[in-house]
Structure formats: C-alpha cells, structure tokens
Amino acid sequence: MVNKKKRATLGGKRESKILTINTGGSKEALANGLQADAHILLLQEHRLLGADIPGAQALASKAGWHGVWDEATKTVAKGRSGGTAVLARQPLSIHRGPKVERATLAAVAWTRRTYLHVGSIYCAHVGHPAREEENQRLSSDLQSHLAAIGRVPWIFGGDWNMDPSLGGSRRSLG
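As a starting point, this report considers the structure included with it. (Residues numbered from 1 in each chain as written. Predicted model: local features only at pLDDT ≥ 70, side-chain atom pairs only at ≥ 80, totals over all residues. Heavy atoms only, no water.)

**Some words on the packing of aromatic side chains**
A full pass over the atoms with the stated rule returns 1 aromatic pair. Between Trp154 and Phe156 the ring centres are 5.0 Å apart and the planes differ by 50°, which places this aromatic pair in the tilted class. Among the residues examined, Phe156 registers a relative accessible area of 11% and is labelled buried. (Phe/Tyr/Trp six-rings, centres within 6.5 Å; stacked < 30°, edge-to-face > 60°. Buried < 20%, exposed > 50% of the residue type's maximum accessible area, 1.4 Å probe, protein only.)

Structure representation (structure tokens):
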C-alpha cells in the first residue's frame, strides 16, 4: 500500500504569514508569540541555553509549532545574549540550514518542489566590544549562504540592533 499523504506547503495562491518576534528573554512574550496567527515564526533573543531549549520546544509543540533552535551565548557578566529560532506550523516541513553564529537558517516547504529559505537574525548590539567585526562576519556569512542557495525564494527577519537611518553607512545584505 502506498502512502498518499499530502505534504503541507505554503505556496500557490494561499496567503503566507511570517512573523518576526524579539522576545527579550521573556517567557511570557515567547508564549504569546506561539499563539500568533502565522505560518512561520522567526524568534530572536530568547536567551535560552542548551539545557533550556527542550522545554521551549515542548511549549512550542503544544501550540502547534516545530522548528530549529540555536542557543544564546553566555556573556562576560554571566548573562545571556541572543538565541534565535525558526518555527513552522505543523505539519509544514522544515529543515535546518547551515550553522551561522547569531542566526538560525532553515528551509520551509513552499510548494511541492520549492523551499522558502528563512533566517532569524540577531546582530550584536552596542554593548558588544567587537560589535562591528561580529556584524561584519554575520553579514558575510549570510551573503555566502545566499550565494550558495542561488535563485530561490528567501526572507530574513530579525533584530539588527542598528538605527535604520544608519543603514547606508553600514554593509547590507544586498
């Protein structure tokens, strides 16, 4: 017997909703985000370390989400910085992209043959001593990823930690 289960996709003539949320480390903000009417969630600054992620994944699963998570980093002051995730509504197919520091990359089924490549980005903020270098490396890594995947649909969302009016003086993805 052949399993003719139809794979869930976003594309075609259906509306697709992608939401980017900076939770600021708040469990309440994360829980509220998981109630959003969206197909894909791009999470930044969840501030979860490795041991904390399974609990967040279980919370997400209860709300109908699954996806890929990258942990926050420990700061010099014993705090937590960053942490990103890309979540898709079940049963959408999602696959982890390459590892990039301060970002989570994934591919979500767009049509039967095409995947939408998505990224949740958290750039270094003014409190990071090597902010310019970290953000330059992140930008370079993201550009390399876009060059490698070629002409496919993609969208990145995140917390860029910069004033939009300064965008012209900073290196951009485009």
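From this point, the narrative continues.
**Structural notes on the pattern of salt bridges**
Under the criterion given, the structure shown has 9 salt bridges. Across the pair Arg137 and Asp141 runs a salt bridge whose closest N-O atoms are separated by 3.2 Å. Separated by 4 residues within a single helix, Arg137 and Asp141 lie in helix 3 (residues 131–149), roughly one turn from each other. Residue classification places Asp141 among the partly exposed positions, given a relative accessible area of 27%. Each member of the salt-bridge network shares a partner with another, and the members are Glu15, Lys17 and Asp37. (Salt bridge = Lys/Arg side-chain N within 4 Å of Asp/Glu carboxyl O. Helix = DSSP H or I, 4+ residues; strand = E, 2+ residues; numbered from the N terminus.)

**Some words on the environment of Lys74**
Relative to the assigned elements, Lys74 resides in strand 4 (residues 73–74). Ignoring sequence-local partners within four residues, the contact set of Lys74 consists of Leu49 and Gly79. (Contact = heavy atoms within 4.5 Å.)

**Thoughts on the sheet that holds strand 2 (residues 40–44)**
Strand order in the open sheet formed by 4 strands is 1-2-6-3, and the pairing between neighbours is mixed. In this open sheet, the two edge strands, each paired with only one partner strand, are strand 1 (18–22) and strand 3 (65–70). Pairwise comparison of adjacent strand axes, ignoring direction, gives a mean angle of 15° for this sheet. Of the pairings in the sheet, the one linking strand 2 to strand 6 (residues 84–89) comprises 5 bridges and is antiparallel in character. Paired with Leu43 across the bridge in strand 6 is Ala85. Of the strands in this sheet, strand 3 and strand 6 are in contact with helix 2 (residues 53–62), which crosses strand 3 at around 160°. (Pairing = 2+ DSSP bridges. Axes fitted to C-alpha atoms, helices over the stretch in contact; angles between N-to-C directions.)

**Observations concerning the pairing of strand 9 (residues 115–122)**
For strand 9, the buried fraction is high: 7 of the 8 residues fall into the buried class. Where strand 8 (residues 103–109) folds back on strand 9, the antiparallel hairpin that results is connected by 5 residues. The pairing of strand 9 with strand 10 (residues 154–159) spans 6 bridges and is parallel. Within strand 10, the position partnered with Ile121 by the bridge is Gly158.

**Some points on the nonpolar core**
The biggest cluster of nonpolar side chains holds 15 residues, and the ones touching the most others in it are Leu34, Leu41, Leu43, Trp65, Trp69 and Leu87. Per-element accounting of this core gives the leading share, 3 residues, to helix 2. Setting aside anything within four residues of it in sequence, one finds Leu41 in contact with Leu19, Ile21, Gly33, Leu34, Ala36, Trp65, Ala85, Val86 and Leu87. Grouped together as the second largest cluster of nonpolar side chains are 12 residues, Leu42, Ala88, Ala106 and Val118 included. (Core = buried A, V, L, I, M, F, W, Y, C linked by side-chain atoms within 4.5 Å.)

**Observations concerning helix 2**
For helix 2, the complete set of buried residues consists of Ile53, Ala56 and Ala60. Relative to the axis of helix 2, the buried residues are bounded by an arc of 65° and lie together on one face. Downstream of helix 2 by one or two residues, Gly64 has phi in the positive range, about 95°. (Arc of directions from axis to C-beta.)

**A short note on unusual backbone geometry**
Going from Gln90 to Pro91, the amide bond is cis rather than trans, its omega being 10°. Locating Pro91 in the fold gives a position in the loop between strand 6 and strand 7 (94–96). Phi at Glu45 takes a positive value of approximately 55°, unusual for a residue other than glycine. By secondary structure assignment, the location of Glu45 is in the loop between strand 2 and helix 2.

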